[in-house]
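Observations on the model geometry
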Amino acid sequence: MNQILVSRSSMPDFDEYCEEIKKMWDTHWLTNMGEEHRKFQSDLEEFLDCRHVVLYTNGHLALENIIAAMQFEPGSEVITTPFTFASTTHAIVRNGLVPIFCDINDRDYTIDVDKIESLITDRTVAILPVHVYGNICDVERIRAIADAHGLKVIYDAAHAFAVKYHGVSTANFGDASMFSFHATKVFNTIEGGAVCFSNDELVSTMNDMKNFGIRGPESVVFVGGNAKMSEFQAAMGICNLRHLEEEIAKRKKVVERYRDRLTGIKGLKLCAEQAGVESNYAYFPVVFDGYGMNRDEVFDRLAENGIGARKYFYPLTNSFECYRDYPTAGSGKTPVAAYLADRVLTLPLYADLALEDVDRICDIIIKIK
Ligand code: T4K
């Protein structure tokens, strides 16, 4: 049985990658911001049309470090959503801050902007929304709320690389945005991530944070850690970036086939396409409500057929065991997120997924009914 998993890493041609890394066998320069790192950074600044891109070894550390760079008072509150990967909430808590969970809306599953203001207290310092599945948050209203209350906005844009909203790259919203370049993402550097922002003053802080605060052989100015992207990762990024457009075009075809096959079926809800958004077709979530089988049963049936759909994002982060005793935890406080977490399944989606395989997946789902 042909096994199909939820995602499959995009990889450049083997020879193209070898060509890109070949020079390292002459230079023996493998990490610490070498030539590949510098080239990849400038490629990304151009591609994302963003003033500053700081590369990281993964998206999570990029997010942890940009939060740290804001130097919030310990114990301050950050408004965020629980319908996300563990990383988002962990990054807040690992910085000694308190996550305040806001519900999501049921159209695109991003933060419900109507519910943000009621959660703001005199301890609130930031909003940390997630462009979940590559869907863009209501960036205008979030900016307006943040400005009215003097808050920072940091986007978890892990899913939103190469997405544009009215022609503007997602790298340019909020005070900063974090992208993940993990192997499972639309665009990968094996592991990897970046923080994008326009504030010149943040550049040295973000660079210090990922390299022990070392400014020179005899100068250490900051208590930083180590979160540098290696030359091999950067080389992967350089190669994958060359093919990104065609990868996204292929993903679009897969999504169109899913939509053709699954639209209009009672009990199945597909996420609407967002107006003004140039998508990266990162994920294909389907909500099962009032269908012949519930989400978990569909998941099991697909698994029996060798198909690895995923329950992104179940459980909600506000019901994780590690947050059980947390004052702000409890999925009951975010009913829309709780509803979706129990019903959503993200179907396999990657550039090389054959349309016949998409049909096979849809046939299994449709037959269940
Ligand atoms: N914020 C958000 C909203 C995020 O979604 C993430 C990461 C982050 C922050 C943090 O960014 P990073 O620090 O990761 O850069 C995966 C990824 O590990 C994770 O990066 C991602 N979100 C999350 C949504 O998905 P798992 O545990 O589901 O991955 P795994 O290993 O089960 O892989 C899923 C499928 O991908 C496999 O079935 C096959 C395929 N795959 C996997 C790997 C590891 C490949 O084709 N190649 C591979 O190398 O978390």
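Sequence positions are assigned chain by chain, starting from 1 and proceeding in written order. pLDDT decides what is reported in this predicted model: residues at 70 or higher carry local features, side-chain atom pairs at 80 or more are listed and counted, and totals for whole chains, interfaces and linings draw on all residues regardless. With hydrogens and water stripped out, all remaining heavy atoms of the structure feed into the side-chain values.

Quick word on the sheet that holds strand β13 (residues 268–270)
To be explicit about the condition: Strand pairing is assigned whenever DSSP detects at least two bridges linking the two strands. Numbering goes from the N terminus for both helices and strands, where a helix is a DSSP run of H or I of at least four residues and a strand is a run of E of at least two. Each axis is a line fitted through C-alpha atoms, taken for helices only over the stretch in contact, and angles between the N-to-C directions span 0 to 180 degrees.
Across the sheet, which stays open at both edges, the three strands sit in the order β13-β15-β17 with antiparallel pairing between neighbours. The open sheet is flanked by β13 and β17 (344–347), the only strands paired with a single partner. Along the sheet, successive strands turn relative to each other by an average axial angle of 30°, direction set aside. Two elements, β13 and strand β15 (residues 284–288), share three bridges in a ladder whose sense is antiparallel.

Considering the pattern of salt bridges
Spelled out, the test is: For salt bridges, the criterion is a side-chain nitrogen of Lys or Arg within 4 Å of an Asp or Glu carboxyl oxygen. Residue burial is assigned from relative accessible area. The probe radius is 1.4 Å, only protein chains are included, and a residue is buried under 20% of its type maximum, exposed over 50%, and partly exposed in between.
Taken as a whole, this structure holds 27 salt bridges when the rule is applied. A salt bridge links D43 to K39; the shortest N-O distance between them is 3.1 Å. Of this pair, D43 and K39 are both found in helix α3 (residues 35–48), four residues apart, which corresponds to roughly one turn of the helix. Measuring nitrogen to oxygen at the nearest pair gives 2.6 Å for the salt bridge that ties R257 to D359. Residue R257 is located in helix α9 (residues 244–262), and its partner D359 is located in helix α12 (residues 355–368); the two are separated by 102 residues in the primary sequence. For R257, a relative accessible area of 25% translates into the label partly exposed. Because the salt bridges share partners, they merge into one network encompassing E16, E20, K23, E36 and R242.

Notes on the site of the ligand
Selection rule: Near, as used in this document, describes a residue that has one of its heavy atoms within 4 Å of the molecule or strand being considered. In protein, a polar contact requires one atom able to donate a hydrogen and another able to accept it; more generally it is a pair of N or O atoms within 3.5 Å, and residues adjacent in sequence count only if both atoms are side-chain atoms. Residue exposure ignores everything except the shown protein chains as possible cover, and the areas themselves are Shrake-Rupley values with a 1.4 Å probe. In this count, Pro and Cys sit with the nonpolar residues alongside Ala, Val, Leu, Ile, Met, Phe, Trp and Tyr, while Asp, Glu, Lys and Arg are called charged and the others, Gly among them, polar. Reported domain spans reflect what an automatic or database domain assignment gives.
Taken together, 25 residues lie near the ligand, and D156, H159, S180, R310 and Y312 sit nearest. Separating an oxygen atom of the ligand from a backbone N or O atom of H60 is a distance of 2.8 Å. Bound to the protein, the ligand loses 75% of the 920 Å² it would expose on its own. Breaking the shell around the ligand down by element, the ones donating at least two residues are α4 (59–69), α5 (86–93) and β9 (176–180). For the shell around the ligand, a count of residues per class yields eight nonpolar, 13 polar and four charged. When residues of the shell around the ligand are sorted by domain, at least three fall in each of domain 1 (14–242) and domain 2 (244–368).

Observations regarding the pairing of strand β4 (residues 98–101)
Filter applied, for reference: The handedness of a crossover follows from its direction of travel: if, with the strands pointing away from the viewer, the path from the first strand over the helix to the second runs clockwise, the crossover is right-handed.
Residues V98 and I100 of β4 are buried on one face, and the alternating residues P99 and F101, pointing to the opposite face, are buried as well. Across four bridges, the pairing between strand β3 (residues 77–80) and β4 is parallel. Paired with V78 across the two strands is P99, which belongs to β4. For the handedness criterion, the β-α-β arrangement of β3, α5 and β4 is classed as right-handed.

Let's talk about the sheet that holds strand β8 (residues 168–169)
Hydrogen bonds between backbone atoms are what pair the strands of a sheet, whose relative direction is either parallel or antiparallel. Pairing is antiparallel across the open sheet formed by three strands, whose spatial order is β8-β7-β14. The outermost strands of the open sheet, each flanked by one partner alone, are β8 and β14 (277–278). Alignment of strand β7 (residues 164–165) against β14, held across two bridges, turns out to be antiparallel. Counterpart to K164 in the pairing with β14 is E278.

Structural notes on the domain arrangement of the chain
How we decide: Throughout, a contact is declared for two residues whenever any of their heavy atoms are within 4.5 Å. Once two parts are put together, the accessible area they lose, assessed with a 1.4 Å probe and summed over both, is termed the buried area.
Split by domain assignment, the chain resolves into domain 1 (14–242) and domain 2 (244–368). Taking only C-alpha atoms into account, the centre of domain 1 sits 24 Å from that of domain 2. Listed per partner, the contact involves 42 residues of domain 1 and 34 residues of domain 2. Buried area between domain 1 and domain 2, summed over both chains or domains, comes out near 3,300 Å², and the portion from carbon and sulfur atoms is 63%.

Let's talk about unusual backbone geometry
Of note, the bond from Y312 into F313 is cis; its omega dihedral lies within 30 degrees of zero at 10°. Along the polypeptide, F313 turns up in the loop between β16 (307–308) and α11 (335–343). Cis geometry marks the peptide bond from Y314 to P315, where omega comes out at -5°. Following the sequence through the fold, P315 ends up in the loop between β16 and α11. Here Y133, not a glycine, exhibits a phi torsion of approximately 60°, which is positive. Along the chain, Y133 turns up in the loop between β5 (124–128) and α6 (139–149). In this structure Y133 comes out as buried when scored by relative accessible area, which is 3%.

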